[in-house]
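# Inside the fold
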Amino acid sequence: MTALTHPSAPQPQRQVAPRIGARAVCEALVREGVTTIFGYPGGTVLPIYDVLREFPLRHILVRHEQGGAHAADGFSRATGGVGVAIATSGPGAINLVTGLATAMMDSVPMVAITGNVPRALLGKDAFQETDIVGIALPVTKFATVVMDPDEVPFAVAEAFEIARSGRPGPVLLDFPKDVLQEETSVPYPEPYELRLPGLLRPVRGDVPEADELAEMIAAAERPLILSGHGVQIADATDLLRKVAERSEIPVAHTLLGIGNIDETHRLSAGYAGMHGWMHVNKMIQQCDLLIGIGCRYDDRITGKTSTFAPNAKIVHVDVDRSEIGKNVRTDLGIVADAGDLLAALLRRLPQSDPRTEWMDQLAAWREVSEARSWHGSGAWREGRLSADYVVDQIGEATNHEATLVSDVGQNQMWAARYFGFRKPFHHLSSGGLGTMGYSVPAAMGAALGAPERETWAIVGDGGFQMTMQELATLVQDQIPVRIAVLNNHRLGMIRQWQEIIYDENYHSAELLGPDLVRLCEAYGIPAWRATRPDEVAGVIAEARKAPGPALIDFHLDEAQNVYPMMLPGKGLSDMVEGASE
Amino acid sequence: MAAARRTIPAGDPDAEHRRHVVSALVVDRPGTLNRVSGLLRARSFNIESLTVGTTHEPGRSRMTIAVRGDDGHLRQVLAQLERLIEVLDVTDLTSAPHLELELVLVELAVPASADEEQAVLDLLASAGGETVERDADVWRARLTASPEVIDRALDALRGHGLRSLVRAGAVAMAAHPHHDTTTNENGAPGA
Ligand SMILES: Cc1ncc(C[n+]2csc(CCOP(=O)(O)OP(=O)(O)O)c2C)c(N)n1
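Residues numbered from 1 in each chain as written. Chains lettered and ligands numbered in written order. Predicted model: local features only at pLDDT ≥ 70, side-chain atom pairs only at ≥ 80, totals over all residues. Heavy atoms only, no water.

### Observations concerning the site of the ligand
All names here are of chain A. The local shell around the ligand holds 17 residues, among which Gln 410, Gly 434, Gly 462, Gly 463 and Gly 492 are the closest. Within the contact set of the ligand, an oxygen atom lies 2.9 Å away from a backbone nitrogen or oxygen of Gly 462. The separation between an oxygen atom of the ligand and a polar main-chain atom of Gly 492 is 2.8 Å. Burial of the ligand by the protein chains amounts to 76% of its free accessible area of 590 Å². Of all elements in the fold, only α17 (410-418), α19 (461-467) and α21 (492-500) reach the threshold of two or more residues within the shell around the ligand. Among the residues forming the shell around the ligand, the class breakdown is 6 nonpolar, 9 polar and 2 charged. (Near = heavy atom within 4 Å. Polar contact = N/O pair within 3.5 Å; in protein donor to acceptor, adjacent residues only side chain to side chain. Areas by Shrake-Rupley, 256 points an atom, 1.4 Å probe, with all protein chains shown as cover. Helix = DSSP H or I, 4+ residues; strand = E, 2+ residues; numbered from the N terminus. Nonpolar A, V, L, I, M, F, W, Y, C, P; charged D, E, K, R; others polar.)

### So, the packing of helix α16 (residues 387-397) of chain A against α17 of chain A
All names here are of chain A. Between α16 and α17, the least distance of the axes is 9 Å, while the angle of their chain directions is 50 degrees. Relative to α17, α16 is oriented oblique. Remark: the crossing between α16 and α17 carries right-handed chirality. The segment α16 lies against α17, with Ala 387, Asp 388, Val 391 and Asp 392 engaging Trp 414, Ala 415 and Tyr 418. (Axes fitted to C-alpha atoms, helices over the stretch in contact; angles between N-to-C directions. Parallel < 35°, antiparallel > 145°, perpendicular 65-115°, else oblique. Left-handed = near helix turned anticlockwise from the far one by under 90°. Contact = heavy atoms within 4.5 Å.)

### Points about the domain arrangement of chain A
All names here are of chain A. The assigned domain composition of chain A is domain 1 (21-193), domain 2 (210-368) and domain 3 (373-562). Taken residue by residue, the interface counts 17 residues in domain 2 and 21 residues in domain 3. Between domain 2 and domain 3, a total of about 1,600 Å² is buried, with carbon and sulfur atoms accounting for 61% of that surface. A salt bridge links Asp 262 to Arg 422, with the nearest nitrogen and oxygen atoms 4.0 Å apart. Taken together, the connections running from domain 2 to domain 3 amount to 5 residue pairs in polar contact (both at pLDDT 80 or more). (Domains from an automatic or database assignment. Buried area = accessible area lost by both parts, 1.4 Å probe. Salt bridge = Lys/Arg side-chain N within 4 Å of Asp/Glu carboxyl O.)

In structure tokens form, the structure reads like this:
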């Protein structure tokens, strides 16, 4: 069959000694700086597995391709690099999809490599054939079939460039098996040979709109920065702090913006949104200038958009033009990389006096909201184990320096609220897609990517049971992930919604699970159980001593809810503050 | 310096839906059409027509997409389209002078009288058309005009033995600002 010419592929001028497509793939990965890949073999990718030993690539054999995709995602988020996952055609490739969509929603760079049936069989319903590119299109930044061995080096280089440039995202490359088996003499391209006409490259350098923003800041009395994931993607947390200090503006953060500013910094306002801190949400509603930097103003932050930040001029800085004006009315939209904008702003801003009145107001609100929703608020029952206490103790024990990967549900909100983050790239969570089962495999990737840090997964008993097959991977490769299961024997967040919104009509919220300590025994993983507050510190200390993976099964009060809570369809001024209400 | 305030409203789903003609320059590779149409579908836009063809540049195709939607919503979707790797440029031609034409093939009953024949030929001519084949039992004709003119001609042809039709969908191109949008010889108004 005729090979499709890659439209932007340069005409091969230089030549190298011929090698098969599979070797060209591995060579390109090495050239891209990849050291670790997460994969699962199958017929169509066996040509890659056949040559893998020849390259300095550590292959982690996951137990399910979804785990591989999340692990690659966790690797990327913890390191700021590009994680790689490999799967075979058909079921293997499809198992990646949840992981791709998770990465897409959170703008995580990642490259997925799939095999497919040989070119001559494509489209003929051959054994284990799936149109994975067709399936992956809406959940990837880019996906394509590589139809010619000569295109392999270029395609891989292009995939990495697309994945990490501009607004990052996952890229899927599908290789028909015979493309991996045939030879090519085309070299790996030099950077100048890459021509990607469709890449939106934000222009680096000054951002003239910063003039206008600086004026708005000068005119504001109660300004607030709402910082999102984009600040970390741009590696601009230092600049953010400097801008905050220069202009004396408090900084709130979104879920994925955790770590943008040290939570103990005097200008850190805290976590905003649906289960964010009341004082932060009050600030959003009361501020006269809201500066969103690298956030999406998504519904988990804004609630009802018509009542969001009613007193504020809203500024939105995003690298992706299509985000601006998508969700909220915007008085000033600036398309720029967060780092470029912050640097431009810093050059323009004079040192501001402390905004005493505004900060005093924040302090007063904070005192009330912390007293209400910290443990002791009545949201849990006497003598039972409360989740916020457990998370707080993990934070304390690790000096708030661990990589913490949360799952989805109540555990995710407790982790976000009570760990006490200090640094960027230390909090990983599936924010946009809300993928249960994310945490354990993503923690696996994070632990391998950033081995110098302790890695904890915080997960509900529901999410844990979705991807717990990766326990075997943790053991086989002795990956030191500490797993804290916040076990309420419930799909906790479902139970909470049914209690508050569905008149306590509990259905399918009660969850039978295995005895986790004995389960871990079967895997050879040291495990502990804690049911009382006075046991918590001890088991955490024990788990931290384990050389490999470890697990703690925290038996919580099954009726504990996460407060405050913004009900569906409601706004930030209209939150349920606690159980007593 | 008094800064100009640009208020960008969030898309209002209740705003009046009007027809937009969008021109997109895209990379000619498998999957591009899928991506573009998929994005419009995901945002619940009903595509009235979508045409694709090669351009003077190798490896580049031009899409003309006619959709209905409110302006703010569409503007945002176009920005989403623009960020696709396969999409190089997106322009909403709706409010600027532009040429817009559509090709239609029709099958007509053979006119029963000379008067009828003249009426059919006049209608075809009003939409830049002419007969292509005149068989004993059927006529085939083509029309080339703006979609509105085509619509009017087709409505009228229904009373003159219209049997079936194939519409190619609109193709559009930005026009010179002084382009007279009302008296184009093919009756192709610009807006
Ligand atoms: C894959 C997937 N399925 C379903 C949901 C819907 N969902 C959101 S939270 C939740 C309950 C989670 O329960 P658990 O993992 O035990 O955590 P908890 O809320 O108790 O901390 C469910 C079912 C989801 N987010 N992801």
